[in-house]
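What follows is each chain in one-letter form.
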Amino acid sequence: MDFDDTPEEASFRAHVRSVLEEHASELLHVAPGEPVDARSREAELRDTQRVLAEAGLVGVTWPREYGGQGGTLVQQAIVGQELGRARVPTLINHIGIGMCGPTVIAHGSDDQRSRYLARLLRADDVWCQLFSEPGSGSDLAALRTSAVRDGEDWVVNGQKVWTTLAHVADFGILLTRTDPSRPKHAGLTMFVVDMHAPGVTVRPLRQMSGGADFNEVFFDDVRIPDSERLGEPGEGWRVALTTLMNERVAIGGAGSDIGPSPESLTAHARDRLPALSPEQQVLARQAVGRALVASLATRYTGYRRFTTLSQGGVPGPEASAGKLGGTAAARLVTDAGVRLLGDEAVLGATADGDDTWQRAQAYVPGIAIAGGTDQVLRNILGERVLGLPPEPRTDKSAPFSSGGRR
Amino acid sequence: MNFDLSDDQRDAAAGAREFFTGSVPLSAARAALEGEGPPAPGRKALADIGFLGITVPESAGGAGGSVLDLAVVAEQAGAVLAGPSLVTAARAAVLLEGAPDLAAQLADGSAAIAVLDGPVTGSAPSLDAADATLFLGLDGGALVVGEGEVTPGRPMDATRGLASVRMTSRRVLAEDAGELWARARQVGAVVMAAEDLGAADRAVLVGVDYAQQRQAFGRVIGSYQAVKHMLVDAWVGVDQLRSLVWWAAWAADSSPAELPLAAAAAKAYAAEVAERATETVVQVHGGIGFTWEHDAHLYWRRAKVDRLLLGDAAEHLDAVARLAVAGALG
Ligand SMILES: Cc1cc2nc3c(=O)[nH]c(=O)nc-3n(C[C@H](O)[C@H](O)[C@H](O)COP(=O)(O)OP(=O)(O)OC[C@H]3O[C@@H](n4cnc5c(N)ncnc54)[C@H](O)[C@@H]3O)c2cc1C
């Protein structure tokens, strides 16, 4: 047991570091935990991703024929760690890289792959994932957005919601219902949609954290050529599962912190503890200790998964445990961070204008919902890891148009 | 990075599992509770198979193994609530670094050694002291060894061998032993976390097993989310605790500067995880879970006792915060 890189990992890491140093002046850098608004900083974010892509640090695990590096998941994780260390913010096309691209690779035509993938890696095109609807989030297969065949095109009507990055996206993967007479999982079809096509309207949604990273998206008679279909008609659920599987791996990751890092909490505690009353200090230290323990437990569990991957293992349903643990830790870390502010915490920012911890705290509830809620992840773990009976289903076999009733 | 057990350690864990399941029936924990016998498998069996000397140097008749080697065995001991505790062996092995003759007696079981917490003139309830004959204690900064008068209490968990001791003779083994004492306590905390890991893991398995059998309202109870999610939360805790235990044991062997923080983190988390897992297993069993006959309360007792031994969660969370702020995390 050790925490050192293997010689190959060490030389790869050194390579990544030197690339990041060489291009430092061309990359966007932010303070730890600082949220980055994709709307106001779109150009810088796109430039940053392009520079990284040209240096071979984007799409590490993607096959070379699609512009990737043909690398391992471990190399991918090392790049992630080093980007974090260098304080480069999350790539603007993270949804494209983590979810949309792998879906195009798995289910797209050769033509689609050659048109889209290299541009996606360079952030020439930013992508979004158009799955959730007002009436179908956890129960994704209940979606209603319809696509109706009309000659060489499909005509799409409906509404998506909570679509992260739709406001800057050029393309999206869009899950639609093409056959309501079939059971809910069977009548779905996936498309690539041009977000600039006529009839697509994107409206920002403000989040409780104050930012607006996600959106409502409306489709009014939007025409999508049949050549933009991903997979066969009626096979959309199978295609979506590819996306969702990649999403779990992208979020439940190998040892990266979901919220602010334990080190950032420690530094904050060092600054703020002395200003608290003795009674407050006792409580704050308990909160800090509890938060550090939870986030270290999550981090080291990620390292164990990381080791499995580096030995050729495949990511399993345990990835969901990584997200659950990370969400719980993020809640404790941000709570402790805010508690350390003492009475000032009730104001939106401290006297010097800093609102990092308040904003981080307001982001945690979203983490517990996005990419599968805590409850849905517990269902997955209960069934797939503990082997407990599946959730009862009354709506699986009846035609969707009958509302799930026979 | 290779954050995993070695093949040897995996084999050792499998061997330990076989030994403990074969030699420690859970009925022994209940019998001990009713005053009808000592904890199983007992000091002699543990010495014979070499578990008391895992971290004792080979020159003193031990196996010269690592704390991690010991932790994987301790996990299996915890799964069946074995006694005496490998915590005592681990802690004593550190304290006896400079006394190879005594270390040899620890390893071969010829001395029944316990480590006392609190003042040696009247100790706090101390692990495995009830049937020990030789005691190690900290007396005004010096490490002392001697005999004592034992006062057992009415145990919550009889497998822990808890008793208070008044030392009746004292020989100094080392002056200025504060740091040695602290390290021994940290190693003890790691091994206790490993035993708690084993107990909590087993509790979750017992709960899952029952949730797959028991029916209510026409369905297996494990299909109800109130039950399913409770078990998942307990399982996630166990999975994460395993990571902290391995990290802390690795630190004890390979990164002494990290040990104080890692040990405190593992001990604090172990207390929480074991409590949640064992409360869950009682609840999942309903009325049966509250009966004396069912094993659930034996695990529950272990968790309720262990959370207070070698420092409670409040003490260790505070230590984690202080050490981190002082720079232990970077
Ligand atoms: C920050 C953020 C970003 C997002 N980005 C995207 C995106 O880019 N693209 C996209 O398509 N979607 C996105 N989403 C949507 C997200 O996937 C959904 O919000 C999520 O799947 C939950 O669906 P819902 O909001 O409809 O809640 P619901 O499904 O209505 O759930 C409501 C409550 O019921 C519980 N619940 C539902 N079903 C069950 C069950 N079977 N068992 C137990 N409890 C259950 C849930 O846990 C929750 O507490 C994003 C969401 C957030 C918060």
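Everything quoted here is computed from the prediction, not taken from an experiment.

Peer 1: Can you tell me about the pattern of salt bridges, naming the residues and giving the values?
Peer 2: Residues and elements named next belong to chain A. Per the stated rule, a full pass over the model turns up 54 salt bridges over all chains. The closest approach of N and O atoms between E344 and R272, which form a salt bridge, is 2.9 Å. Of the two residues, E344 is situated in the loop between α9 (319-339) and α10 (356-367) and R272 in helix α7 (residues 262-272); the sequence distance between them amounts to 72 residues. A salt bridge links R331 to D374; its shortest N-O distance comes to 4.0 Å. Taken together, the positions of R331 in helix α9 and D374 in helix α11 (residues 374-384) put the pair 43 residues apart, joining distant regions of the chain. Residues joined in a network through salt bridges with shared partners are D5, R13, R17, E82 and R85.

Peer 1: How would you sum up the nonpolar core? Please name residues and give values.
Peer 2: Within the largest apolar cluster, 186 residues are counted, with the highest numbers of intra-cluster contacts made by F20(B) and W247(B). Beyond its immediate stretch of four places on either side in the chain, W247(B) contacts F3(A), L296(A), Y300(A), F3(B), E258(B), L261(B), A262(B) and A265(B). The next biggest cluster of nonpolar side chains, apart from the first, holds 17 residues, and it includes C128(A), V217(A), F219(A) and I224(A).

Peer 1: How would you sum up the domain arrangement of chain A? Please name residues and give values.
Peer 2: Residues and elements named next belong to chain A. Structurally, chain A comprises domain 1 (7-91), domain 2 (127-233) and domain 3 (253-386). Taking only C-alpha atoms into account, the centre of domain 2 sits 32 Å from that of domain 3. In this complex, domain 2 contributes five residues to the contact, which on the side of domain 3 involves five residues. Between domain 2 and domain 3, roughly 400 Å² of surface is buried when both sides are summed, and carbon and sulfur atoms account for 66% of that area. Contact with domain 3 buries surface across domain 2, with S138, M208 and S209 losing the most and accounting together for 84% of the total.

Peer 1: Tell me about the interface of chain A and chain B, and please be specific about residues and values.
Peer 2: With 50 residues of chain A in contact, the opposing surface of chain B contributes 45 residues. Of the roughly 4,400 Å² buried at the junction of chain A and chain B (both faces included), carbon and sulfur atoms supply 64%. Taken together, the links from chain A to chain B amount to seven salt bridges. Across the contact surface, chain A and chain B share 25 residue pairs in polar contact (both at pLDDT 80 or more). Of all the secondary structure elements, the ones that give two or more residues to the side of chain A that touches chain B are α7, α8 (278-310), α9 and α11 of chain A. Sort the elements by how many residues they give to the side of chain A that touches chain B and α8(A) lands first, with 18 residues.

Peer 1: So, the UniProt feature "domain: Acyl-CoA dehydrogenase/oxidase C-terminal" (unreviewed entry) in chain B: which residues are in play, and what are the values?
Peer 2: Taking the numbering used here, the UniProt-annotated feature "domain: Acyl-CoA dehydrogenase/oxidase C-terminal" (unreviewed entry) corresponds to residues 187-322 of chain B. For residues 187-322 of chain B, the helix share is 79%, the strand share is 3%, and the end-to-end C-alpha distance is 19 Å.

Peer 1: Mind laying out the sheet that holds strand β2 (residues 134-139) of chain B, listing which residues take part and the relevant values?
Peer 2: Residues and elements named next belong to chain B. The four strands are arranged β1-β2-β3-β6 in an open sheet whose pairing can be described as mixed. Looking along the sheet, the strands with just one partner apiece sit at the ends: β1 (113-115) and β6 (171-174). Strand-to-strand twist in this sheet, taken as the mean axis angle between neighbours without regard to direction, amounts to 30 degrees. As judged from the three bridges shared by β1 and β2, these two strands associate in the parallel manner. Residue pairing for β2: I113 is matched across the bridge by L134. Against the sheet, helix α5 (residues 86-95) engages β1, β2 and β3 (142-146), with an angle of about 85 degrees to β1.

Peer 1: So what's going on with the site of the ligand? Residues and values would help.
Peer 2: Residues in contact with the ligand amount to 17 residues; listed here are only the nearest, S132(A), S138(A), T164(A), T373(A) and Q225(B). Around the ligand, the neighbouring residues derive from chains A and B rather than from a single chain. For the ligand, an oxygen atom lies 3.4 Å from a polar atom in the backbone of G137(A). In the environment of the ligand, an oxygen atom lies 2.7 Å from a nitrogen or oxygen atom belonging to the side chain of S138(A). In the complex, 67% of the free accessible area of the ligand, which totals 960 Å², lies under the protein chains. Taken together, the residues of the shell around the ligand sort by class into five nonpolar, twelve polar and no charged.

Peer 1: Now, about the side chain of T373(A): what can you tell me, with residues and values included?
Peer 2: By secondary structure assignment, the location of T373(A) is in the loop between α10 and α11. The residues contacting T373(A), other than those within four sequence positions of it, are S138(A) and A368(A).

Peer 1: Can you lay out the state of the cysteines for me, pointing to particular residues and giving the numbers?
Peer 2: By definition, a disulfide links the sulfur atoms of two cysteine residues through a covalent bond. Residue and element names in this part refer to chain A. This model, assessed by the stated rule, comprises zero disulfides over all chains. Between C100, a cysteine without a disulfide, and C128, which holds the nearest cysteine sulfur, the sulfur-to-sulfur distance is 6.8 Å. C100 gets classed as buried once you look at its relative accessible area, which sits at 0%. Take C128: its relative accessible area is 0%, and that puts it in the buried class.

Peer 1: Account for the packing of α9(A) against α10(A), with residues named and values stated.
Peer 2: All names here are of chain A. Where α9 contacts α10, the axes come no closer than 9 Å and their chain directions differ by 155 degrees. As the angle between them shows, α9 and α10 are arranged roughly antiparallel. Seen from above, α9 lies across α10 with left-handed handedness. Judged by residue contacts, K323, T327, A330, R331, V333, T334, D335, G337 and V338 of α9 engage W357, Q358, A360, Q361, V364 and I367 from α10. A per-class count over the contact of α9 with α10 returns seven nonpolar, five polar and three charged.

Criteria and thresholds
Residues numbered from 1 in each chain as written. Chains lettered and ligands numbered in written order. Predicted model: local features only at pLDDT ≥ 70, side-chain atom pairs only at ≥ 80, totals over all residues. Heavy atoms only, no water. Salt bridge = Lys/Arg side-chain N within 4 Å of Asp/Glu carboxyl O. Helix = DSSP H or I, 4+ residues; strand = E, 2+ residues; numbered from the N terminus. Core = buried A, V, L, I, M, F, W, Y, C linked by side-chain atoms within 4.5 Å. Buried < 20%, exposed > 50% of the residue type's maximum accessible area, 1.4 Å probe, protein only. Contact = heavy atoms within 4.5 Å. Domains from an automatic or database assignment. Buried area = accessible area lost by both parts, 1.4 Å probe. Polar contact = N/O pair within 3.5 Å; in protein donor to acceptor, adjacent residues only side chain to side chain. UniProt positions renumbered as here; feature names shortened; annotations may be inferred. Pairing = 2+ DSSP bridges. Axes fitted to C-alpha atoms, helices over the stretch in contact; angles between N-to-C directions. Near = heavy atom within 4 Å. Areas by Shrake-Rupley, 256 points an atom, 1.4 Å probe, with all protein chains shown as cover. Nonpolar A, V, L, I, M, F, W, Y, C, P; charged D, E, K, R; others polar. Disulfide = S-S within 2.5 Å. Parallel < 35°, antiparallel > 145°, perpendicular 65-115°, else oblique. Left-handed = near helix turned anticlockwise from the far one by under 90°.

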